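Coordinate inspection notes
If you want the building blocks of each chain, they are given just below.
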Amino acid sequence: MLYQDLQSTNLVEVCMALTVVSQIFPREMIPAVLPLIEDKLQHSKEIIRRKAVLALYKFHLIAPNQVQHIHIKFRKALCDRDVGVMAASLHIYLRMIKENSSGYKDLTGSFVTILKQVVGGKLPVDFNYHSVPAPWLQIQLLRILGLLGKDDQRTSELMYDVLDESLRRAELNHNVTYAILFECVHTVYSIYPKSELLEKAAKCIGKFVLSPKINLKYLGLKALTYVIQQDPTLALQHQMTIIECLDHPDPIIKRETLELLYRITNAQNVTVIVQKMLEYLHQSKEEYVIVNLVGKIAELAEKYAPDNAWFIQTMNAVFSVGGDVMHPDIPNNFLRLLAEGFDDETEDQQLRLYAVQSYLTLLDMENVFYPQRFLQVMSWVLGEYSYLLDKETPAEVIAKLYKLLMNDSVSSETKTWLIAAVTKLTPQAHSSDTVERLIHEFTISLDTCMRQHAFELKHLHENVELMKSLLPVDRSCEDLAVDASLSFLDGFVAEGLSQGAAPYKPHHQRQEEKLSQEKVLNFEPYGLSFSSSGFTGRQSPAGISLGSDISGNSAETGLKETNSLKLEGIKKLWGKEGYLPKKESKTGDESGALPIPQESIMENVDQAITKKDQSQVLTQSKEEKEKQLLASSLFVGLGSESTVNLLGKADTVSHKFRRKSKVKEAKSGETTSTHNMTCSSFSSLSNVAYEDDYYLNTLHDRGDKELKTFSLNSELLDSESLTELPLVEKFSNCSLSTPSLFADNSMEIFHPPQSTAASVAKESSLASPFLEETTEYIHSNAMEICNNETISVSSYKIWKDDCLLMVWSVTNKSGLELKSANLEIFPVENFKVTEQPGCCLPVTEAESTRSFQYSVQIEKPFTEEILSGFISYHMMDTHSAQLEFSVNLSLLDFIRPLKISSEDFGKLWLSFANDVKQNVKMSESQAALPSALKTLQQKLRLHIIEIIGNEGLLACQLLPSIPCLLHCRVYADVLALWFRSSCSTLPDYLLYQCQKVMEGS
Amino acid sequence: MIKFFLMVNKQGQTRLSKYYEHVDINKRTLLETEVIKSCLSRSNEQCSFIEYKDFKLIYRQYAALFIVVGVNDTENEMAIYEFIHNFVEVLDEYFSRVEPIDELPKICSALEPQQACFSPDSSFKGAASTTPIY
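Residues numbered from 1 in each chain as written. Chains lettered and ligands numbered in written order. Predicted model: local features only at pLDDT ≥ 70, side-chain atom pairs only at ≥ 80, totals over all residues. Heavy atoms only, no water.

The name given to chain B in an unreviewed UniProt entry is AP-4 complex subunit sigma-1, with Papio anubis as the source organism. Chain B has a UniProt comment under Subcellular location (unreviewed entry) that states "Endomembrane system". Per UniProt, chain B carries the Sequence similarities (unreviewed entry) text "Belongs to the adaptor complexes small subunit family." (UniProt positions renumbered as here; feature names shortened; annotations may be inferred.)

1. Looking at the packing of helix H24 (residues 433-442) of chain A against helix H25 (residues 448-462) of chain A
Residue and element names in this part refer to chain A. Put simply, H24 and H25 touch, their axes get as near as 9 Å, and they point 140 degrees apart. Taken together, the axes of H24 and H25 lie oblique to each other. The handedness of the crossing between H24 and H25 is left-handed. Facing H24, whose interface residues are Val-435, Glu-436, Leu-438, Ile-439 and Phe-442, H25 presents Met-450, Arg-451, Ala-454, Leu-457, Lys-458 and His-461. Its residues placed into classes, the contact of H24 with H25 shows 7 nonpolar, 1 polar and 3 charged. (Axes fitted to C-alpha atoms, helices over the stretch in contact; angles between N-to-C directions. Helix = DSSP H or I, 4+ residues; strand = E, 2+ residues; numbered from the N terminus. Parallel < 35°, antiparallel > 145°, perpendicular 65-115°, else oblique. Left-handed = near helix turned anticlockwise from the far one by under 90°. Contact = heavy atoms within 4.5 Å. Nonpolar A, V, L, I, M, F, W, Y, C, P; charged D, E, K, R; others polar.)

2. A short note on unusual backbone geometry
All names here are of chain A. Positive phi, normally seen in glycine, also occurs at His-130, with a value near 50 degrees. Within the secondary structure layout, His-130 lies in the loop between strand S1 (128-129) and strand S2 (132-133). His-130 gets classed as partly exposed once you look at its relative accessible area, which sits at 35%. In the Ramachandran plot, Ser-131 falls in the positive-phi region, its phi being about 60 degrees despite a non-glycine side chain. Inspection of the secondary structure puts Ser-131 in the loop between S1 and S2. (Buried < 20%, exposed > 50% of the residue type's maximum accessible area, 1.4 Å probe, protein only.)

3. What to know about helix H2 (residues 11-23) of chain A
With 13 residues, H2(A) extends 18 Å between its outermost C-alpha atoms, agreeing within 8% with the 18 Å of an ideal straight helix rising 1.5 Å per residue. Residues of H2(A) that are buried include every one of Val14(A), Cys15(A), Ala17(A), Leu18(A), Thr19(A), Val21(A), Ser22(A) and Gln23(A), and no others. Packing partners of the buried residues in H2(A) comprise helix H1 (2-7), helix H3 (30-40) and helix H4 (46-62) of chain A together with strand S2 (14-19) of chain B. The residue sitting at the N-terminus of H2(A) and contributing the capping side-chain oxygen is Asn10(A); that oxygen lies 2.9 Å from the backbone nitrogen of Val12(A). (Expected span 1.5 Å × (residues − 1). Polar contact = N/O pair within 3.5 Å; in protein donor to acceptor, adjacent residues only side chain to side chain.)

4. Observations regarding the packing of aromatic side chains
All names here are of chain A. Within the structure shown, the criterion is met by 20 aromatic pairs over all chains. An aromatic cluster is built from Phe-311, Phe-319, Phe-334, Tyr-359, Tyr-370 and Phe-374, whose rings are joined through pairwise contacts. Directly above the aromatic system of Tyr-262 lies the positively charged group of Lys-296, at a separation of 5.1 Å from the ring centroid. A cation over an aromatic ring shows up here: Arg-941 above the ring of Trp-799, its NZ or CZ 4.3 Å from the ring centre. (Phe/Tyr/Trp six-rings, centres within 6.5 Å; stacked < 30°, edge-to-face > 60°. Lys NZ or Arg CZ within 6 Å of the ring centre and 35° of its normal.)

5. Comments concerning the interface of chain B and chain A
Counting residues at the interface gives 42 residues for chain B and 43 residues for chain A. Where chain B touches chain A, the interface holds 4 salt bridges. Arg143(A) is the salt-bridge partner of Glu75(B), the closest N and O atoms lying 2.9 Å from each other. Where chain B touches chain A, the interface holds 15 residue pairs in polar contact (both at pLDDT 80 or more). If you list the elements that add at least two residues to the side of chain B that touches chain A, you get strand S3 (49-52) and helix H2 (77-94) of chain B. Counting residues per element, the side of chain B that touches chain A draws most heavily on H2(B), at 9 residues. (Salt bridge = Lys/Arg side-chain N within 4 Å of Asp/Glu carboxyl O.)

6. Regarding the environment of Asn914(A)
All names here are of chain A. Tracing the backbone through its elements, the reader meets Asn-914 in strand S14 (residues 914-921). Considered as a pair, Asn-914 and Leu-986 are 72 residues apart in the sequence and their alpha carbons are 8.8 Å apart. What Asn-914 contacts, discounting residues up to four positions off in sequence, is Phe-979, Arg-980, Ser-981, Ser-982, Cys-983, Ser-984 and Pro-987.

7. Considerations on the packing of helix H11 (residues 195-210) of chain A against helix H12 (residues 214-227) of chain A
Residue and element names in this part refer to chain A. Closest axis-to-axis distance for the H11/H12 pair is 7 Å, and the angle between their directions is 140 degrees. Taken together, the axis directions place H11 and H12 in an arrangement best described as oblique. The element H11 and its partner H12 pack so that their crossing is left-handed. Residues Ile-205, Phe-208 and Val-209 of H11 lie in contact with H12, whose contacting residues are Leu-216, Lys-217, Leu-219, Gly-220, Ala-223, Leu-224 and Val-227. Taken together, the residues of the contact of H11 with H12 break down into 8 nonpolar, 1 polar and 1 charged.

8. Here's the deal with helix H22 (residues 394-405) of chain A
Each α-helix turn comprises 3.6 residues. Residues three or four places apart therefore point the same way. All names here are of chain A. Taking 1.5 Å per residue, 12 residues should reach 16 Å; H22 reaches 16 Å between its end C-alpha atoms and fits that length. Regarding H22, the residues found buried are Pro-394, Val-397, Ile-398, Lys-400, Leu-401, Tyr-402, Leu-404 and Leu-405. Each element contacted by the buried residues of H22 is listed here: helix H20 (345-364), helix H21 (372-385), helix H23 (412-425), H24 and H25.

9. A few points about the sheet that holds strand S1 (residues 2-9) of chain B
Residue and element names in this part refer to chain B. Spatially, S2-S1-S5-S4-S3 is the arrangement adopted by the 5 strands of the open sheet, whose pairing is antiparallel. Strand pairing shows two members of the sheet lacking a second neighbour, S2 and S3, which therefore form its edges. Neighbouring strand axes in the sheet, compared pairwise and without regard to direction, differ in orientation by 20 degrees on average. As paired elements, S1 and S2 share 5 bridges and run antiparallel to each other. Paired with Met-7 across the bridge in S2 is Leu-16. (Pairing = 2+ DSSP bridges.)

10. Regarding the pattern of salt bridges
Counting across every chain of the model gives 23 salt bridges over all chains. Of the charged contacts, one joins Glu259(A) and Arg263(A) as a salt bridge, the two residues approaching to 2.7 Å between their closest N and O atoms. Here Arg263(A) and Glu259(A) lie together in helix H15 (residues 251-264), a separation of 4 residues that amounts to about one turn. One salt bridge in this structure joins Lys303(A) and Glu299(A), with 3.1 Å as the shortest N-O distance. Placement of the pair is Lys303(A) and Glu299(A) together in helix H17 (residues 287-304), with a separation of 4 residues, close to one helical turn. Judged by its relative accessible area of 12%, Lys303(A) falls in the buried class. By sharing partners, the salt bridges in this structure join Lys222(A), Lys56(B), Asp73(B) and Glu77(B) into a single network.

So, in structure tokens, the structure goes:
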């Protein structure tokens, strides 16, 4: 139907069809109509052209890969003589430039010219809205320019004039001109700065903010929020307005103001701003607002906290309000901060002590309910750091925790946190009735997880010495070496097996079985309660019974088991997903680079404010004075940063609570010092580089520190030798074995004395000289793909460094001469196939073999494609025949190892935008990272750059030269894969291949 | 980017709705009631932009009729605000002599079967709108 309509000569029908296409259209059907719609781009009617462009825009949104080839036609649409078509094409450009601005820099001139024409009123009058020429078109263009000119001086220079013009023209006092102005200001502050323009834009913002119209005020605040990230001094100019907005009756305005304040927070004004935010937080009920605001407060508190007490109290407020809706990173980060500490050990202890004290007072209060997350944080802190208390004994703390444990409103997850805290405290409390009571209470608990913990505690409690060594005080940050294979349980497993226990099945296998037969026992609770622990991913028949039978084991086994469990529990805190180095990249010793001598400027600001105070003091009412006071506390320290603002948006924030990265101190001493130097020069560029290095350093150092138990196989790093050897061996095996097979069969009726494979082998060494050079590359076994009574065709792949070489060898089985044998390949969309020279022998003699070589290049990624063609030949000059064949090509045929250094990996990693993450279950044979990576290396031809602890870096490229990076990380039996590439589809395809490999082996 | 376009009367009945991103039918009703509730709770002194979950609502009232547009964070609120007015002006022009303006719902319900040809994109020549026109 649609198809017919699109081909119709009736304008209305085509119009309708195009509209429908752009409204509802299944992705799979795009190729069917695409050529038709492309044709419509040349239609004589502008409305058809416009609708065709919009339909293509829709296609671009849902399947960008399918319209890639018509980008050039969009350019035509951009230059269309009809304004409507041009405007429609801007949507596509805005989208594409957002994704990759560097590819469209050459169009900047065109956009500037268009904007100039629009602003100059060159458009037909019916594009005017309230006598403003095409305002929405202007906005669209301004946005595009902003994206193009970002951090690019040359491109930005092209647009200064037109922006100036836009600012000047938009004088008319109508709402829509304000909309344009807003966009203009946004663009001016996005592109490479020019002081003149900045000044004008800043003046414009004044118009907004001071306007009595509430909508404009809102817009002004929004603009200001954006602008002060580049130039904080602007906030000073408008401080009184900001203060007024802070008390505005409209909560939306208030919210926007807080957003603004959040951007100008520094160490001096943090208390006031956070207080304002907390006030707002207490009033709001909407979950989304709470989550958002709580995150911001936590971030500010962490960055700028002036002292311990304030920090802990703010975080308490955050936890009690944010409760269970907040982002899980917040409590995790907070705990890590406490655990890892800062530079100063005594200060750390004070902070911890203060936290413990404040939690104890909070717990003392009757009839107060805290969110579960808060209780979890409390129980961890109390468990770890109660030893710092002088007055209260661990027993008293345990008593408090016990009270919570008996509380019905506490969730079972929190209870496990609580009981873990009690376990940690027990060795410190010499004898405690509470613990005994607790054990008694929970060993009969219905909750299996709790029962498990209670049993652990019970057995530990019986052996105090062991318990003390197991649960040392203040060691939460130290890593323990874990025997991930749990080999110490092998004896137990063997015993169990010999007594007839069922062999262990991994989790996924069990799930599959469960799916296949519904009524199978449900093992879920175990899987859940030990989440990441060793139970699920291991080979042990005890998987089911271990929980309660731990006592039946020898004491040692049981205890060690607990040990590893405990560790898992603690580890979990630091985030399964948590990508540690990345998160830390903003912290670290950057603050060391922050120039401090700016206090004088700050004082100046203060003085200026107080002076103003004095001069106006006579006329001011008391209320105003308060506002002034608030202003001075809010905007203190803003002037100081003005030295930084023009030099890019580098995050030069000093973290009050610097995380001590004790890991890296030893190793990267020299690098840090150079970092400091580069940082202090404040070029944004060097900052970027710095972050790169930093990221790598941390990665590196973590690796050094963590789990040295993995012995790296050095040959692992040598990719080629490994993969090549077995293949070559196989090949020769194959060529050896087949002839003998033939001999046995004694099938002399068929002439070939040699099998095809053998002949290939022979030929590769004898017949054609250029094949010799190819043997140094890895190649696949020859496979017969088709034959008839006269010829047989076999093919094999040679994976050359720069392309895939397909070799078809045609063996003439007949005793007659073959003339003009020819091989032709059908064209395929995804490939470029070129014939290699030197294989055009006109005659194939009897019983001989000749080969055709084609190099295959890939045009765009795919999973699997079929390359087909046919052989035509003449026999005895008369009889001509054809034989068709096809070969499967997989993406892997075009993947080559990419040998780069870790540094390059880091840089590339940051520069790639397309990423894909996925967790993959590993089979038991590859439970450890090195073996898993080895599989990837062998099967997918990835290059292993480095293995660091439980993380690995790999790289490969898709021919001709699309790089793809892979970061792997292992938890228990799960391999977290993280791909990045410059090509948007490649990661998906590679991930698919990885999954196949990991599951297959 | 525009996520949806709503015309709702003061009683909370939806007269016209157009979604540019897929939303389940049953979720639409819920969303529409919440949206109109938050619009009705605003006074004239308050601004016409509301933050709602992770997107923004921009609304304009014409007599008993609200036109609400949901946009994402990157959109220029004022541009959309004026765009609504442009939409209404075009409606007015298109069905000339339709007065008073609160009869708009009738037009809209009459329009509904042909919504496809009357989505904000095709009718706006002058606007060359900022919408993700499909």
